[in-house]
Amino acid sequence: MFDSPFASPPFPAVAWNFLEPVGLAGLAALLPIIALYFLKLKREERVVPSTLLWKKVIKDLHVNAPFQRLKYSLLLLLQLLLVALMAFALARPFLSVAADTGKYVVLLVDTSASMATKDAGGSTGKTRLEKAIEDARQKIDDMSRVDEMQIVAFDEDVRQVCPWTNDRSYLKKVVSELEPRHLRTHAQEAFETALAMAEERKGSEVLVLSDGCFDRLSLNKLLGESVQGTNTEEASLARLRKFRFVKYGREYTDNVGITGINARTRLVRQAGEGGARVDTLETQMFVVLENFGLDDVKAILTLTSDAGVFAPVIKVVELKGRQRGLESLDGNADGSTLESARSSEAFKLPANFQGVVTAAVRTEAGADNFPLDDRAQIVVGGAEGMNVLLVTGVNYFIEKVLVVMRGVKVDKMTPEEFEKDWNQRGALSVAEYDAVIFDGCAPPRWDDGGAIFLGTLPPLPGFKYRDPKAPKGAEAAPPSEPVLLEWPRVIDWDVAHPAMRYVNFGNVQIKQAQAWDLPKTAAVLVETSGGPLIAALESDRVNAVGTSFQVLDSDWPYRPSLPLFLRNSVAWVSEVSPRRRPTALKTGEVLSLPPVEGASTATLTWPDGHSEQVELSATRKMPVKGVNSIGLYRLTGIPGDGPDGRTFAVNLADTKESDNLAQASLQVGEETVEASPSAIEGKREIWRTLALIAVGLLMAEWFLYHRRLGL
């Protein structure tokens, strides 16, 4: 195994050099100073009373005679040293205290969320990125006139913020404008991009300013698939040596953060005034807390609502310290696991609540150094009533059941009308409905919302037709047309599922049903000797119920179980209605603006207060990219929405970024990239020291000169 190409030398080489060698031309000023000490003085004629004074005059003439041997003079020495020091200071001498660096540098700066941790400036509380920018500016100051640099910032995206240039003022301006973005880190693409840029110039290097809070880098992707070949191994190592990693942040963290927030709203019946049961919206909220420090902590979780709709809810959660190095959730012998440092807390919000809920966490010790994950927000929708779309030909029984449901508004389409609308608008044709009932028909796919499929195969992954006569275990393509089961006999039904509450299916007779295969995630609600008769599928965005038989091919319309089943199923599938779904996006996700009629633009206000105009469409959702800051986004200017408009919550909610323990090394394949903290201080300028010495010599020369005159 070869040594890591990133290891720093044990004793950094020290060498002299100059950033502005032209300043040494000032040494030429030494010659005139020396020449001044050879010049003969022009004397005035005077009458003297005695010849005894001629001895002194002769001595002075001897001293000032030209071309005689130069005698020792302290003033001359001080003046020569003064000029020499000033010339050296103008040349900007420096000491190379680290390994030699190339003339061309790709500055790869990490601007991800973890770089906002305030642990890089000691007592000053600087963020990691602020310290990195400070060092980068020093690196730029150390450049000579022939050096060049380009700057690449990376987080979830890779951005070339500055091309190759030697303009130090421009480089410092660009690097000073970098700010931490509330995004996760995708380092692989950034390293590949920086390496490609570095190879544009011979003798270049990549200087990585980061805390190392990202996954192991792929060696093969970074250097090419040929890295393992014996003929190219040395060339690959040479490419690896282009990288120098400078770490920012402590190798210890006390961070406790919110890494997940979600909510589920459903329609329930509760006792109202006078004892009558009424429909209400019930929202259950889930908050995930994680402790990334080594010590056990007590986290204080607080839930509040905008405008103080309900009193703050406070809960103390005990979290174990995170055990580093655990490869699985099985944990250590002492019982510590990764799960013991994580807790999912559930809260039930007041009935019919709508608005913004804010979850905040802190420890008994107070706020930590990473504030971005200390708060998370979610918007709970409050769509009143229930909008249902019935797609059917003629089915008097289903229409009658829906009409008598309280709080349910029903629209009806024929299969032909729905198909035409779907072909024109796609999924937007059902965006305004909480539930859609398909009687004997189905759209090509179903990706979002609640739906009931009566007598038709749900267009969901894993639902397939089955041939009951096919031998078990045989691998064959499912039939393209349904295979019918004659008079299937019901053997069991699931009364625990929400769609089957109070439903008795034992007395229902079915003439024929389709034979289905279900995905493993589906639940069988009614089972027959020939396969499932009714099935349900639940996910974070889809609730669906399907019956493998036509309602009119049975005596179900004459049984009380049909209205109970439809009432239960409509309420259950509506729980994932986009109209009511609580919204809590993650930074970096695309914010989709709903289709709006009557307005082509609207105003989107960002969490920092600035606003911009965004385009709207009457037929499709419009994406808003660049949602990279946590907080509330407000969309106003839509007809009928009122002055407050619509609100969208965006959170960090990312375990990788919250785990902000700075890494002492990076992993590139099987290689270890050791941190090199001295890489920034590669050129230590000493001209300021020389200038101070020159000032001291000037003062000494002034003192000696005036003292001699006084004598």
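Below, the structure is looked at part by part. Because the structure is predicted, anything quoted here is derived from the model rather than measured.

Glancing now at the nonpolar core. Ranked by internal contacts, the top residues of the largest apolar core, which has 35 residues, are Phe505 and Ile534. Elements that contribute at least two residues to this core include exactly β15 (386-391), α9 (396-403), β17 (435-439), β18 (449-454), β24 (523-528), β25 (531-538) and α11 (561-573). If sequence neighbours within four positions are ignored, phenylalanine 505 has contacts with Val490, Trp493, Ile510, Val526, Leu533, Ile534, Phe549 and Trp556.

For any two helices packed against each other, one specifies the crossing angle of their axes together with the interaxial distance. At a closest axis distance of 10 Å, the pairing of helix α4 (residues 128-141) and helix α5 (residues 168-176) adopts a crossing angle of 175°. The angle between α4 and α5 places the two elements in the roughly antiparallel class. Of the residues in α5, those in contact with Ile133, Ala136, Arg137, Ile140 and Asp141 of α4 are Arg168, Leu171, Lys172, Val175 and Ser176. Residue classes in the contact of α4 with α5 are distributed as five nonpolar, one polar and four charged.

A separate point is the packing of aromatic side chains. One pass over the full model with this rule turns up 19 aromatic pairs. Considering the side-chain rings of phenylalanine 154 and phenylalanine 214, the 6.4 Å spacing of their centres and the 75° angle between planes classify their relative orientation as edge-to-face. One end of the pair, phenylalanine 154, is in strand β4 (residues 148-154); the other, phenylalanine 214, is in the loop between β6 (204-210) and α7 (219-223), and 60 residues separate them in sequence. No difference in accessibility class separates phenylalanine 154 from phenylalanine 214, as the two residues are buried. With 5.1 Å between their ring centres and 50° between their planes, tryptophan 556 and phenylalanine 565 make a pair best called tilted. By relative accessible area, which is 0% here, phenylalanine 565 ends up buried. Each residue in the set Phe418, Trp422, Phe438, Trp446 and Phe453 is aromatic and connected to the rest through ring pairs, giving one cluster. Lysine 315 extends its terminal NZ or CZ atom over the ring of phenylalanine 347, reaching a point 5.7 Å from the ring centre.

Glancing now at empty space enclosed by the protein. A full pass over the atoms with the stated rule returns three cavities of 30 Å³ or more. In this structure, the second largest cavity encloses a volume near 40 Å³. As for the second largest cavity, its lining consists of Thr117, Asp119, Arg128, Arg250, Tyr252, Thr253, Asp254, Asn255, Asn369, Phe370 and Asn660. Grouping the amino acids of the lining of the second largest cavity by side-chain chemistry returns two nonpolar, five polar and four charged.

What follows is about the pairing of strand β32 (residues 631-636). The pairing of strand β29 (residues 601-605) with β32 spans three bridges and is classified as antiparallel. Looking at the pairing, threonine 603 lines up with threonine 636 of β32. Relative to strand β33 (residues 646-651), β32 runs antiparallel, the two sharing five bridges. Bridge pairing links tyrosine 633 to phenylalanine 648 in β33.

This part covers the sheet that holds β29. Think of a sheet as strands paired side by side through backbone hydrogen bonds, with each pair either parallel or antiparallel. Here we have five strands laid out as an open sheet, ordered β27-β33-β32-β29-β30, and mixed in their pairing. In the strand order of this sheet, the two ends are held by β27 (585-586) and β30 (611-615), each with one partner. Sheet analysis places β29 next to β30, joined by five bridges and oriented antiparallel. Paired with leucine 604 across the bridge in β30 is glutamate 612.

Another point: α11. Side chains of residues three or four places apart in an α-helix project in the same direction, reflecting 3.6 residues per turn. Helix length check: α11, at 13 residues, gives a terminal C-alpha distance of 18 Å against a target of 18 Å (1.5 Å per residue), a fit within 8%. Counted residue by residue, α11 has ten buried out of 13 residues, so it is predominantly covered. Inspection of α11 places Ser561, Leu562, Phe565, Leu566, Asn568, Ser569, Val570, Ala571, Trp572 and Val573 among the buried residues, and these make up the whole buried set.

This part covers the sheet that holds strand β13 (residues 355-363). An order of β11-β10-β13-β14 is seen for the four strands of this open sheet, with the pairing classed as antiparallel. Sheet topology places β11 (313-319) and β14 (375-380) at the edges, where each strand pairs with a single neighbour. Adjacent strand axes in the sheet meet at a mean angle of 20° when their direction is disregarded.

To continue, consider the pattern of salt bridges. As enumerated under the stated definition, the model contains 31 salt bridges in all. The salt bridge involving aspartate 155 is made with arginine 181; its shortest N-O contact spans 2.9 Å. Of the two residues, aspartate 155 is situated in the loop between β4 and β5 (158-165) and arginine 181 in the loop between α5 and α6 (187-198); the sequence distance between them amounts to 26 residues. As far as burial versus exposure is concerned, aspartate 155 and arginine 181 are alike and both buried. The partner of aspartate 215 in a salt bridge is lysine 656, with the nearest N and O atoms 2.7 Å apart. A residue pair is termed long-range when its members are at least 10 positions apart, and aspartate 215 in the loop between β6 and α7 and lysine 656 in helix α12 (residues 655-658) qualify at 441 residues. Accessibility expressed as a relative area gives 48% for aspartate 215, which makes it partly exposed. Via salt bridges that share partners, Asp119, Arg128, Asp211 and Arg250 belong to a single interconnected network.

So, how was this worked out
Residues numbered from 1 in each chain as written. Predicted model: local features only at pLDDT ≥ 70, side-chain atom pairs only at ≥ 80, totals over all residues. Heavy atoms only, no water. Core = buried A, V, L, I, M, F, W, Y, C linked by side-chain atoms within 4.5 Å. Buried < 20%, exposed > 50% of the residue type's maximum accessible area, 1.4 Å probe, protein only. Helix = DSSP H or I, 4+ residues; strand = E, 2+ residues; numbered from the N terminus. Contact = heavy atoms within 4.5 Å. Axes fitted to C-alpha atoms, helices over the stretch in contact; angles between N-to-C directions. Parallel < 35°, antiparallel > 145°, perpendicular 65-115°, else oblique. Nonpolar A, V, L, I, M, F, W, Y, C, P; charged D, E, K, R; others polar. Phe/Tyr/Trp six-rings, centres within 6.5 Å; stacked < 30°, edge-to-face > 60°. Lys NZ or Arg CZ within 6 Å of the ring centre and 35° of its normal. 1 Å grid on protein atoms, 1.4 Å probe; cavity = no way out; pocket = protein on both sides within 12 Å on 5 of 7 lines; lining within 4 Å. Points joined across faces, edges and corners; volume = space filled by probe spheres on them. Pairing = 2+ DSSP bridges. Expected span 1.5 Å × (residues − 1). Salt bridge = Lys/Arg side-chain N within 4 Å of Asp/Glu carboxyl O.

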